[in-house]
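Examination of the molecular architecture
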Amino acid sequence: MSSTVITNIKQLIGTRVESHPLRGKELANLPSIEDAYLIIEDNEIAEYGSMLHLKTTIGHQPSTIDATNQFILPAWCDSHTHLVFAGSRESEFVDKLKGLTYSEINAKGGGILNSAKKLNETSENELFNQAWKRLEEVSKLGTGAIEIKSGYGLTLDAELKMLRVIKKLKEKSNLHIRSTFLGAHTFPLEYRENHRGYIDLIINEMLPVIAKEKLAEYIDVFCEKGFFNVEEMERICKAGMGYGLKPKLHVNQLNSIGGIQSGIGLGAISLDHLETMTSEDIHSLSSSKTIGTLLPTAAFFLRMPFQPARELIDAGCIIALASDYNPGSSPSGNMNFVLSLSCVQMKMLPEEAINAATINGAYAMEFGNDLGSITIGKKANLIFTKPIPSLAYLPYAFGTNLIDKVMINGNFIH
Ligand code: NIG
Ligand code: FE
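Computed from a predicted structure; not experimentally measured.

Looking at the element boundaries, serine 173 is found in the loop between helix H5 (156-172) and strand E8 (176-184). We classify serine 173 as buried; its relative accessible area is 13%. A distance of 2.9 Å separates the side chain of serine 173 from the backbone nitrogen of leucine 175, its partner in a polar contact. Once you skip the residues sitting within four places of it in the chain, serine 173 turns out to touch Trp132 and Leu135.

Moving on to the nonpolar core. Formed by 105 residues in total, the largest nonpolar core has its most connected members in Leu169 and Met348. In contact with methionine 348, not counting residues within four places along its chain, are Leu27, Ala309, Arg310, Ile313, Ile319, Leu321, Ser342, Cys343, Ala353 and Ala356. Of all hydrophobic cores here, the second largest spans 17 residues; its members include Ile6, Ile9, Ala380 and Met407.

Let's shift gears to the environment of leucine 182. Considering the arrangement of structural elements, one finds leucine 182 in strand E8. Looking at leucine 182, the relative accessible area reads 0%, which means it is buried. Between the C-alpha atom of leucine 182 and that of lysine 149, which follows or precedes it by 33 residues, the distance is 6.0 Å. When sequence neighbours within four positions are dropped, the list of residues in contact with leucine 182 reads His82, Lys149, Ser150, Gly151, Glu159, Asp220, Val221, Phe222 and His250.

Moving on: the coordination of the iron ion (ligand 2). In the first shell of the iron ion (ligand 2), the protein supplies His80 (NE2), His82 (NE2), His250 (NE2) and Asp324 (OD), at 2.1 to 2.2 Å from the metal. Between consecutive donor residues of the iron ion (ligand 2), the sequence gaps follow H-x1-H-x167-H-x73-D. Note that histidine 80 is positioned in the loop between strand E6 (76-78) and helix H1 (90-97) and histidine 250 in strand E10 (residues 246-251), a separation of 170 residues in sequence. Both residues of the pair, histidine 80 and histidine 250, count as buried.

A few words now on the side chain of threonine 15. Locating threonine 15 in the fold gives a position in the loop between strand E1 (3-13) and strand E2 (32-41). Exposure remark for threonine 15: the relative accessible area of 9% places this residue in the buried category. Beyond its immediate stretch of four places on either side in the chain, threonine 15 contacts Pro31, Ser32, Ile33, Tyr48 and Ile374.

The next point concerns the packing of aromatic side chains. Within this structure, the stated rule accounts for 10 aromatic pairs. Geometrically, the ring pair formed by phenylalanine 187 and tyrosine 198 is edge-to-face, given 6.0 Å between the ring centres and 70° between the ring planes. Separated by 11 residues along the polypeptide, phenylalanine 187 in the loop between E8 and helix H6 (195-212) and tyrosine 198 in helix H6 bring together distant segments of the chain. Judged by its relative accessible area of 0%, tyrosine 198 falls in the buried class. Aromatic pair phenylalanine 384 and phenylalanine 412: ring centres 5.2 Å apart, planes at 65°, arrangement edge-to-face.

Turning our attention to the site of ligand 1. Surrounding ligand 1, one finds 14 residues, the nearest of these being Arg89, Tyr152, His185, Gln253 and Ser329. A distance of 3.0 Å is found between an oxygen atom of ligand 1 and a side-chain nitrogen or oxygen belonging to histidine 250. Interatomic distance of 3.0 Å between a side-chain N/O atom of histidine 273 and an oxygen atom of ligand 1. Isolated, ligand 1 exposes 330 Å² of accessible area, and the fraction of that covered by the protein chains is 95%. Of the residues belonging to the shell around ligand 1, the class tally is three nonpolar, nine polar and two charged.

Our focus in this paragraph is H6. A rise of 1.5 Å per residue sets the reference length of H6, with its 18 residues, at 26 Å; its end C-alpha atoms lie 25 Å apart and thus fit the reference within 8%. Burial in H6 covers these residues: Gly197, Tyr198, Ile199, Leu201, Ile202, Ile203, Met206, Leu207 and Ile210. Those residues of H6 that are buried lie in contact with H5, E8, strand E9 (218-223) and helix H7 (230-242). Note on H6: the residue one or two positions beyond its end, lysine 214, has a positive phi of about 50°.

For the rest of this paragraph, the subject is unusual backbone geometry. Phi at asparagine 43 is positive, roughly 70°, even though this residue is not glycine. If you trace the backbone, asparagine 43 turns up in the loop between E2 and strand E3 (44-50). With phi around 50°, arginine 303 is a residue other than glycine that occupies positive phi space. Mapped onto the fold, arginine 303 is located in the loop between helix H10 (296-301) and helix H11 (309-314).

This paragraph deals with the domain arrangement of the protein. By a widely used convention, the size of an interface equals the accessible area lost when the partners come together. Segmenting the protein into domains produces domain 1 (3-75 + 373-412) and domain 2 (77-363). Counting from both sides, the interface comprises 32 residues of domain 1 and, opposite them, 34 residues of domain 2. Summed over both sides, the interface of domain 1 with domain 2 buries roughly 2500 Å², with 64% coming from carbon and sulfur. For domain 1, the biggest contributors to the area lost against domain 2 are Arg23, Leu27 and Pro395; these three give 26% of the whole.

Attention shifts here to the packing of H5 against H6. Running from amino to carboxyl end, H5 crosses H6 at an angle of 25°, the nearest separation of the two axes being 10 Å. When the interaxial angle is binned, H5 and H6 end up roughly parallel. Where H5 crosses over H6, the two elements pack in a sense that is right-handed. Where H5 abuts H6, its residues Leu156, Glu159, Leu160 and Leu163 lie against Glu205, Met206, Val209 and Ile210. The class makeup of the residues in the contact of H5 with H6 is six nonpolar, no polar and two charged.

Pairing is parallel across the open sheet formed by eight strands, whose spatial order is E6-E7-E8-E9-E10-E11-E12-E13. The open sheet has two free edges, formed respectively by E6 and strand E13 (318-321), since each of these has just one partner strand. Across the sheet, the axes of successive neighbouring strands diverge by a mean angle of 25°, strand direction being ignored. As defined by bridge partners, E6 adjoins strand E7 (residues 143-149) across three bridges and the pair is classed as parallel. Residue pairing in the sheet places cysteine 77 in a bridge with alanine 145 of E7.

The rules behind each value
- Residues numbered from 1 in each chain as written.
- Chains lettered and ligands numbered in written order.
- Predicted model: local features only at pLDDT ≥ 70, side-chain atom pairs only at ≥ 80, totals over all residues.
- Heavy atoms only, no water.
- Helix = DSSP H or I, 4+ residues; strand = E, 2+ residues; numbered from the N terminus.
- Buried < 20%, exposed > 50% of the residue type's maximum accessible area, 1.4 Å probe, protein only.
- Polar contact = N/O pair within 3.5 Å; in protein donor to acceptor, adjacent residues only side chain to side chain.
- Contact = heavy atoms within 4.5 Å.
- Core = buried A, V, L, I, M, F, W, Y, C linked by side-chain atoms within 4.5 Å.
- Donors = N, O, S within 2.8 Å, 3.2 Å for Na, K, Ca; no water.
- Phe/Tyr/Trp six-rings, centres within 6.5 Å; stacked < 30°, edge-to-face > 60°.
- Near = heavy atom within 4 Å.
- Areas by Shrake-Rupley, 256 points an atom, 1.4 Å probe, with all protein chains shown as cover.
- Nonpolar A, V, L, I, M, F, W, Y, C, P; charged D, E, K, R; others polar.
- Expected span 1.5 Å × (residues − 1).
- Domains from an automatic or database assignment.
- Buried area = accessible area lost by both parts, 1.4 Å probe.
- Axes fitted to C-alpha atoms, helices over the stretch in contact; angles between N-to-C directions.
- Parallel < 35°, antiparallel > 145°, perpendicular 65-115°, else oblique.
- Left-handed = near helix turned anticlockwise from the far one by under 90°.
- Pairing = 2+ DSSP bridges.

In structure tokens, the structure reads:
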């Protein structure tokens, strides 16, 4: 048995005897232990407590890591990303700075279809290499678990290519990864006037192969005016659920068109984006078990109003924070910046933001039993901070990398 003792931890954050998704007021409670130790056995958290209670006689010879002046917290659980994509779209970004509108950019072949074109021209190997670099990059920034969507393929072959890349990432990486099928991201040009035709393709051609090859755990739909309406979303989700895929959905980014109520009715694990929420939407979400996942970097990058985090928390919703890492609306997967933005722009408290980015993010990927808190039996996915004066310093000192080391499954990443 391999065993590691971490000693003299300035503060061990997120210590929980048991865990469950945190709702409303519970989100502000982030238990911690000062001057702590933590024992890891076979990649799992085996024991933790105050240094005063560390028994000096441990049966076998463990390796010891001294964490003087360091905070240790659960690694980020980023429950919504589009990390597999081809190339980038900074020319659209510059066009927007020069004043082009979203529809003008779309008319120039921009947006999701631009990424789909690039992706269709990129080999599976090359796509994997690009995604692998991003995964390495975000893991160094503290992400230990991540959900990744398809949705830039929009043809049978290209959607399968994306999902196979995600599968390969799962096989080769130490990170905990979930895969989501987002064939319903937008309508390809040739189906603009034939929505039914594309949805039939998703249901009759894509889903059976995805199920057969076990390429996804979740199904997602971009439910918005100009994209997929509520009935279309329901049809796609029900077909996916027939194959065992659970809904995790893009709703209420630009409009409130009933996606919240429909998603809850479908038993969605999470409803994501939520920039545009009516009081009825907030009420519906608060009386459900569905997690509301907020993506503040997307609101930031698109200069949209931020998600109403305070109202959602005060109403008693379960909320998570995620990066939405994608080439169009959030070309960054840095969860530390997500943390800062959620405090600065949405007035979340540091404790709330950390819980939303760890334990609730874990539950938004159904990893809650294994990740997201310092709990005996959970996997050792940990962030070791550089010396910082207090926990609030993390979101406060935005843009500075305050992470010293990251441990995934009991091993430090390099
Ligand atoms: O989650 N909103 C839909 N999809 C992505 C952005 C798509 C793109 O522009 O590439 C998002 O923000
Ligand atoms: Fe997204």
